[in-house]
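# Structural description and commentary
Listed below, chain by chain, are the residues.
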Amino acid sequence: MSPLSDTLIKKDADLDPDLQWALSNYVMDSGRLLVIELDQHGDIRDTNVTFRAQLAAFRHVRGEPLSRFLVSEQDEPPRIESGLSFRTPIPYLLKGANSGELYLFHAYPLRQGILLIGELTNVAQADIDIIERMGHLAIEMSRLVRDLRKTNHELARANELNRRLAHTDPLTGIANRRYFMERLRKSIAHAQARQLELSVLMIDMDHFKRVNDRFGHAGGDAALVAFAQLLAAQIRAGDLPARLGGEEFAVYMPDTGLEAAAESAERLRARAADLRPIDTSHQITASFGVTVLTKGDSAESFLKRADALLYQAKAEGRNRVVVGT
């Protein structure tokens, strides 16, 4: 990329960024086109190699007046208008100060200056189509680039949405069984390799059939959503809550021993009783089975032990936490 390209991209934020890209990639390096960047005073800020080769004997011309190299047909300093309207480039017919050769330029606005794009012409009258087409090509390229970026952005969003849908329970918004098992297996392997603690909570909402019978499926859904939101709000960022199916939930807790996991379960049990998502008279309760990873555990054996503790909690009267190893 040329210094002029860098200047346009870094300094001229008011120029459409996709037009900057198109100009940089399709205009700056052209062997036919003369590209000049003027500052707000009309002095040269930068040029491309073609300009320096044809009009400046390859010298660096930064800071020099444009009139040293280009003049109007009356041999007067060129007057390039400031305050140009974007997407409305203005044509100028100029000639080399020493050679007398005619060049057709189009002026584009920059934040603090003007961009001139020109080409040698042998036509006495200003045949503006040549450079105008190049200007419109750059603008069209900017539109194509913008459309491509928009499409890529939409595809990325769609892919992210599909990924989230594949990992998420559609009703509650927390992890589904498949994603929970996938993550749990990785966490078990990590904990076993590094001899770290890992605990899991198996949870079942009590008497859920009664909720559906009394309040209908809409009421049951409201209770499930409220309980899932409680789990997500009360656990740590590294823990993972999931709805395994129906009214059954689970949470795995990395770097957590049995005592700390039991405390978390008891806190969740107590706060669940404060939820009133359906009716002020209806209290949500839940039963918990809590265990910690032991040597040789697989994901299945780990959850089976937690599930047995959960059913013990339900057998002992529900709305309680049972802990075991």
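Placed above this text is the structure.
In this text the structure is predicted, and so the values were computed from the model without any measurement.

## Remarks on the overall build of the chain
A count of helices and strands for the chain gives eight helices and 12 strands. When each of the 325 residues of the chain is scored for burial, the buried share is 47%. Considering only intrachain contacts with a sequence separation of at least 6, the fraction spanning at least 24 residues in the chain is 58%. Split by element, the accessible area of the chain, about 17,000 Å² in all, is 49% carbon and sulfur.

## What to know about unusual backbone geometry
Here arginine 318, not a glycine, exhibits a phi torsion of approximately 70 degrees, which is positive. Inspection of the secondary structure puts arginine 318 in the loop between α8 (299–315) and β12 (321–323). We note that asparagine 319 has phi near 50 degrees; this positive angle belongs to a residue other than glycine. Within the secondary structure, asparagine 319 sits in the loop between α8 and β12. Given the relative accessible area of 28%, asparagine 319 is considered partly exposed.

## A look at the packing of helix α5 (residues 177–194) against α8
Running from N to C, α5 and α8 cross one another at 105 degrees; their axes reach a closest spacing of 10 Å. Judged by the inter-axis angle, α5 sits roughly perpendicular to α8. For the pair α5 and α8, the contacting residues are Phe180, Met181, Leu184, Arg185 and Ile188 in the first and Ala299, Glu300, Phe302 and Leu303 in the second. In terms of residue class, the contact of α5 with α8 is built from seven nonpolar, no polar and two charged.

## Here we look at the sheet that holds strand β4 (residues 90–96)
On the basis of which strands lie adjacent, the open sheet formed by six strands has the order β2-β1-β6-β5-β4-β3 and antiparallel pairing. At either margin of the open sheet sits one strand with a lone partner, and together these are β2 (44–47) and β3 (70–71). As defined by bridge partners, β3 adjoins β4 across two bridges and the pair is classed as antiparallel. Note that in β4 the partner of leucine 70 across the bridge is glycine 96.

## Some details on the pairing of strand β10 (residues 248–254)
For a regular strand, the rule is simple: side chains alternate between the two faces of the sheet. When you tally the buried positions in β10, you get six out of seven residues, the bulk of the element. Pairing analysis gives seven bridges linking strand β8 (residues 198–205) to β10, with the strands arranged antiparallel. Bridge assignment links aspartate 204 to a residue of β10, and that residue is glutamate 248. Hairpin geometry of strand β9 (residues 240–245) and β10 is characterised by an intervening segment of two residues between the two adjacent antiparallel strands and by a positive phi of about 55 degrees at glycine 246.

## Examining the nonpolar core
If you look at the biggest cluster of nonpolar residues, it comprises 26 residues, and the most contacted ones within it are Leu201, Ile203, Met205, Phe227, Phe249 and Phe288. For this core, the secondary-structure elements that each account for two or more residues are β8, α6 (208–234), β10, α7 (258–272) and β11 (286–292). It is α6 that contributes the most residues to this core, nine residues altogether. Leave out the neighbours within four places in its chain, and phenylalanine 227 touches Ile203, Met205, Phe249, Ala272, Leu275, Ile284, Ala286 and Phe288. In terms of nonpolar packing, the next biggest core, distinct from the first, is built from 21 residues, Phe180, Leu184, Met202 and Ala299 among them.

## Quick look at α5
If you check α5, its first and last C-alpha atoms are 26 Å apart, about what 18 residues at 1.5 Å a residue would give, namely 26 Å. Of all the positions in α5, only Tyr179, Phe180, Met181, Leu184, Ser187, Ile188 and Ala191 are classed as buried.

## Considerations on the pattern of salt bridges
As a working rule, side chains carrying opposite charge can pair if their charged atoms are close by. Here the structure, examined in full by the defined rule, presents 14 salt bridges. Measuring nitrogen to oxygen at the nearest pair gives 3.0 Å for the salt bridge that ties aspartate 213 to lysine 209. Linking aspartate 213 with lysine 209, this pair stays in helix α6, spanning four residues, or about one helical turn. What makes aspartate 213 exposed here is its relative accessible area of 56%. The partner of aspartate 297 in a salt bridge is arginine 305, and the shortest N-O contact between them spans 2.6 Å. Taken individually, aspartate 297 and arginine 305 each receive the classification buried, so the pair is uniform in this respect. Because the salt bridges share partners, they merge into one network encompassing Arg59, Glu64 and Arg68.

Basis of the calculations
Residues numbered from 1 in each chain as written. Predicted model: local features only at pLDDT ≥ 70, side-chain atom pairs only at ≥ 80, totals over all residues. Heavy atoms only, no water. Helix = DSSP H or I, 4+ residues; strand = E, 2+ residues; numbered from the N terminus. Buried < 20%, exposed > 50% of the residue type's maximum accessible area, 1.4 Å probe, protein only. Contact = heavy atoms within 4.5 Å. Areas by Shrake-Rupley, 256 points an atom, 1.4 Å probe, with all protein chains shown as cover. Axes fitted to C-alpha atoms, helices over the stretch in contact; angles between N-to-C directions. Parallel < 35°, antiparallel > 145°, perpendicular 65-115°, else oblique. Nonpolar A, V, L, I, M, F, W, Y, C, P; charged D, E, K, R; others polar. Pairing = 2+ DSSP bridges. Core = buried A, V, L, I, M, F, W, Y, C linked by side-chain atoms within 4.5 Å. Expected span 1.5 Å × (residues − 1). Salt bridge = Lys/Arg side-chain N within 4 Å of Asp/Glu carboxyl O.

Note that all results are geometric; they support no functional claim without further evidence.
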